[in-house]
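Chain by chain, the residues run as shown.
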Amino acid sequence: GNSVTQMEGPVTLSEEAFLTINCTYTATGYPSLFWYVQYPGEGLQLLLKATKADDKGSNKGFEATYRKETTSFHLEKGSVQVSDSAVYFCALSDAARGGSYIPTFGRGTSLIVHP
Amino acid sequence: DAGVIQSPRHEVTEMGQEVTLRCKPISGHDYLFWYRQTMMRGLELLIYFNNNVPIDDSGMPEDRFSAKMPNASFSTLKIQPSEPRDSAVYFCASSSGTGTSGANVLTFGAGSRLTVL
């Protein structure tokens, strides 16, 4: 079946540090890949996505590249801010799941950025 | 659009009481999902609907949980009777389905935080 594995958190960084949150996946078909972000007290919201191999999704300074050869979709940001403190979820949706594209989420990685 | 609307935002109740959580999806979205989030288990899919029809309820933990979607603009998740272990944040999400190449993007509500004493 489909699965998403994220690095355990929390990840604690100082402001302006470089961020990497690792995500690997297992899927039977050709999935689309996503990063969602959850700010404190809010629901998840889409941060970026990539729909095919070698695609790069980007938004708000965050980037992730769909690597089919390593089945990975690592999230990166060159310089984090305190306001980036949140929980980040990697997810995939895969047509092989009955054609209904129901997403599979990772466990989430908490990011804490100190001033 | 105001997004996915959930109510109540917070609910505190006593064990054995009935709890009803409500959700209004984004207009035009034909998929609706109910998730539960806890520290221990993370984000769990409870049930999802397509065109108001329940498709997969295998994530519903037990018979105390039920969900309905009487029309395209309203869904409820009911717990009867509630137990302390049901304490969690419950999220509703909606989507427009297949999108492009399986890129099914979900829009989440702000969640309903349930505390069962």
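What comes next concerns the included structure. (Residues numbered from 1 in each chain as written. Chains lettered and ligands numbered in written order. Predicted model: local features only at pLDDT ≥ 70, side-chain atom pairs only at ≥ 80, totals over all residues. Heavy atoms only, no water.)

1. What to know about the interface of chain A and chain B
Point 1. Each partner contributes to the interface: chain A provides 19 residues, whereas chain B provides 24 residues.
Point 2. Both sides together, the interface formed by chain A and chain B hides about 1700 Å², and carbon and sulfur atoms give 60% of it.
Point 3. Taken together, the links from chain A to chain B amount to 0 salt bridges.
Point 4. Seen at the junction of chain A and chain B, the total is 4 residue pairs in polar contact (both at pLDDT 80 or more).
Point 5. Elements with a minimum of two residues in the side of chain A that touches chain B: β5 (32–38), β6 (45–50) and β10 (86–93) of chain A.
Point 6. Looking at the side of chain A that touches chain B element by element, the count peaks at 4 residues for β5(A).
Point 7. Here the side of chain A that touches chain B is built from residues that sort into 9 nonpolar, 7 polar and 3 charged. (Contact = heavy atoms within 4.5 Å. Buried area = accessible area lost by both parts, 1.4 Å probe. Salt bridge = Lys/Arg side-chain N within 4 Å of Asp/Glu carboxyl O. Polar contact = N/O pair within 3.5 Å; in protein donor to acceptor, adjacent residues only side chain to side chain. Helix = DSSP H or I, 4+ residues; strand = E, 2+ residues; numbered from the N terminus. Nonpolar A, V, L, I, M, F, W, Y, C, P; charged D, E, K, R; others polar.)

2. Remarks on the side chain of A:T109
Residues and elements named next belong to chain A.
Point 1. With respect to the secondary-structure elements, T109 resides in strand β12 (residues 109–114).
Point 2. On the accessibility criterion, T109 (0% relative accessible area) is buried.
Point 3. Only 2.7 Å separates the side chain of T109 from the backbone oxygen of M7, close enough to count as a polar contact.
Point 4. Excluding its chain neighbours within four sequence positions, the residues that come into contact with T109 are Q6, M7, G9, V11, I21, A86, V87 and Y88. (Buried < 20%, exposed > 50% of the residue type's maximum accessible area, 1.4 Å probe, protein only.)

3. What to know about the packing of aromatic side chains
Point 1. Here the structure, examined in full by the defined rule, presents 13 aromatic pairs over all chains.
Point 2. Seen from their ring centres, A:Y36 and B:F108 are 6.1 Å apart, and the 80 degrees between their planes marks the pair as edge-to-face. Placement of A:Y36 in strand β5 and of B:F108 in strand β10 (residues 107–108) is noted, with the two residues assigned to different chains.
Point 3. The exposure class of A:Y36 is buried, given its relative accessible area of 1%.
Point 4. You can call B:F108 buried: its relative accessible area is 9%. (Phe/Tyr/Trp six-rings, centres within 6.5 Å; stacked < 30°, edge-to-face > 60°.)

4. Here's the deal with the pattern of salt bridges
Point 1. Scanning the model with the defined rule gives 11 salt bridges over all chains in all.
Point 2. The salt bridge partner of A:D84 is A:K77, with a shortest N-O separation of 2.8 Å. Here the two residues A:D84 and A:K77 agree in accessibility, since each one is buried.
Point 3. Here B:E44 makes a salt bridge to B:R41, at a shortest N to O gap of 2.9 Å.
Point 4. Look at B:R41 and you get exposed, because its relative accessible area is 54%.
Point 5. Look at the salt bridges and you will find they share partners, linking B:E62, B:R64, B:E83, B:R85 and B:D86 into a network.

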